Amino acid sequence: MSKLKQLKEKRASIYSQIDQLRTAADGREMTAEEQQRWDTLLADYNKVDKEVEAEERFEQIRRHQLEQAENTPAHTPEDRSAADRQYEEAFRAYLLSGSQGVTPEQRTLLQERAGLQGLTAGVLIPSTLAGSIEKALKSFGGMFEAGSIITTGNGGDLAQSTKRTPSFSSVTLKAFTYRTPIIPVSQELLQDSAFNLDTILSDLLVESFGRGANEHLTTGTGTGQPKGLVTAATAAAQEAAATAITLDNILDLIAGVDSAYAKNGKFMFNRNTLFALAKIKDNDGRFIWQDGSRVGLPSTLFGKSYVINDDMAGIGAGNASVLFGDLSKYKIRMVKSFRIIRLNELLAEYLSVGLFGFARLDGTLLDAGTHPVLKLVHAKA
C-alpha cells in the first residue's frame, strides 16, 4: 500500500472518530473528557491532512522527475515554438553560469523577453515554468486559489471598469514588488547533472513569495500594498458574538449575498475556524460540515465549498473570521510573471551563488459596490 493511500485512510479513520464523537454528544454539551478528545482528534486530522497535501506534492514532483528521466517533456516540440525552446536554454545558461555564461545571442533573447537593456534587473522565467509555478501558488495560502489572476506586460496602472446601476466606475490596479529571501545554492549543486531547475525554483518562489503576498492579498490596507479581500469585503448585516459562531450567523451570511454571486459562492476561513464550524448543526440536526474526501469530492459547508486561508483572523472580538461570496471577483494583477536574479559575488567565499525571485502584483475586489463578498464580523468585547 502506498504512503499516500495509508495517509488518506488514516485521515478517513480520524474523521470517522470525529463523526462518532459529535453524534454521541448530540443535543448536549460535551463533557470535559469529550471536549479534550474532540480537540485532540481535530488536531490529528489537521496534521494528517497536511501530510496528505505534502505527499500529494511529492508524488507530483516524483512523476515530473520520472518524465525527465525518461526524456518525456511535459510539452512536445510541436507544442512549443523554436523561440520558446531557445529562451529556455538561455534561461538555464544564465541560472547555471550567470550573465557571463550566456552567449551574445542568448543575452539578446533574455533582454528582449524582459524588456531590459541589461541582466542586472533579473530575467523572466520561461512561460512553461511560470505556468507550473502559478498552479502551485493556487494550492498555497488561499488567495491565489480563490482569486482570478490577470497578467500584464508592463507595470503601468491598470484600470478595471466596474458596472453599477445606474452609473459606471473603475478600480485602478497598481504593481507592488514582492521578493523572496536570497537562497544560497552551492556551486557543486549547480554543476551536478541531477540539478532540478523546476524544483528549486518552485520551492524558492512558491513558499517565500506566496507567504508574503498572500498576507497582503488577504488583509492588505490598499495603501502602499494591495487592498486585501477581507479589507474590501462588506460586513454582513448581523454581527456574530465575540467568541462564537452560530447557525444563524452562517445562514444570515449566505442570505446577505445577492443570488447572482451566491450561485458561485465559496467560504473562506482559517483552519481553526473550520474546526469550530465542524461542530455546528442545521435545524434538522445535521452537521453543516461534510467531509467529501471519502467519496473523492471536496468537503463542503452547507453544500458550498470553502478555501482555507490561514492569513485570515480567527474567531475573536472585532475579527472578521468568515467570508462568503463569489471570491473570483477578487482580481490579482501580476506584471510579466516572475523574475530571477543570480548574485555571483555575495556568497563567493562559501563557493555558492545567491538566487532570489520577485514579481510585481496588486489585488482588489471588483464590483465591491454590489457586495459580491460579505464578511462575518464578531462584536467587540
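Along each chain, numbering runs from 1 in the same order as the chain's sequence is written. In view of the model being predicted, local features appear only for residues whose pLDDT reaches at least 70, and side-chain atom pairs are presented and counted only at 80 or more, with totals across whole chains, interfaces and linings using the full set of residues. The basis for every side-chain value is the complete set of heavy atoms in the structure, and neither hydrogens nor water enter the calculation.

Asker: How would you sum up the environment of E9? Please name residues and give values.
Answerer: Structurally, E9 is set in helix 1 (residues 3-24). E9 sits 39 residues away from V48 along the chain, and the two C-alpha atoms are 10.0 Å apart. Secondary structure elements follow DSSP: runs of H or I no shorter than four residues count as helices, runs of E no shorter than two count as strands, and numbering proceeds from the N terminus.

Asker: Hey, could you go over the packing of aromatic side chains for me, with residue numbers and the actual values?
Answerer: Any Phe, Tyr or Trp ring, taking Trp's six-membered ring, that has another such ring centre within 6.5 Å forms a pair; planes under 30 degrees apart are called stacked, those over 60 apart edge-to-face, and the others tilted. Summed over the entire model, instances satisfying the criterion amount to six aromatic pairs. Ring centres 4.7 Å apart and planes at 45° place the aromatic pair F267 and F324 in the tilted group. Note that F267 is positioned in strand 8 (residues 266-269) and F324 in strand 12 (residues 320-325), a separation of 57 residues in sequence. F267 gets classed as buried once you look at its relative accessible area, which sits at 0%. Ring geometry for F269 and Y306: centres 5.2 Å apart, planes at 35°, overall tilted. Of the two residues, F269 is situated in strand 8 and Y306 in strand 11 (residues 304-308); the sequence distance between them amounts to 37 residues. Think of it in three bands: with a 1.4 Å probe and only protein chains considered, a residue is buried below 20% of the maximum accessible area for its type, exposed above 50%, and partly exposed in between.

Asker: Lay out the confidence of the model for the protein chain with the relevant residues and their values.
Answerer: A residue's pLDDT is the predictor's confidence in that residue, given on a scale from 0 to 100. Per-residue pLDDT for the protein chain averages 81, and the proportion of residues at 70 or more is 83%. Low pLDDT, under 50, characterises residues 71-75; the stretch is placed with three contacts to residues that sit more than four places away or in other chains. The low-confidence segment residues 163-169 (pLDDT under 50) makes eight contacts with residues lying over four places distant or belonging to another chain. What makes two residues a contact is simply this: any of their non-hydrogen atoms within 4.5 Å.

Asker: Describe the sheet that holds strand 8, listing the residues and the values that go with them.
Answerer: The seven strands are arranged 7-15-12-8-11-10-9 in an open sheet whose pairing can be described as mixed. In the strand order of this sheet, the two ends are held by strand 7 (234-235) and strand 9 (289-290), each with one partner. A pair of strands is considered paired only if DSSP assigns at least 2 bridges between the two. Relative to strand 11, strand 10 (residues 300-301) runs antiparallel, the two being bridged by two bridges. What sits directly across from T300, in strand 11, is S305.

Asker: Which residues make up helix 10 (residues 247-255), and what values go with them?
Answerer: Looking at helix 10, one finds that the buried residues are L247, N249, I250 and L253. Projected onto a plane normal to the axis of helix 10, the buried residues spread over an arc of 165° and lie on a single side. Looking at the buried residues of helix 10, the elements they touch are strand 8, helix 12 (271-277), strand 12 and strand 15 (373-377). To obtain the arc, one takes the directions from the helix axis to the C-beta atoms.

Asker: Describe in detail unusual backbone geometry, supporting the description with residues and values.
Answerer: With phi around 55°, F302 is a residue other than glycine that occupies positive phi space. In this structure, F302 sits in the loop between strand 10 and strand 11. You can call F302 partly exposed: its relative accessible area is 29%. With phi around 55°, H371 is a residue other than glycine that occupies positive phi space. If you trace the backbone, H371 turns up in the loop between strand 14 (352-365) and strand 15. What makes H371 partly exposed here is its relative accessible area of 36%.

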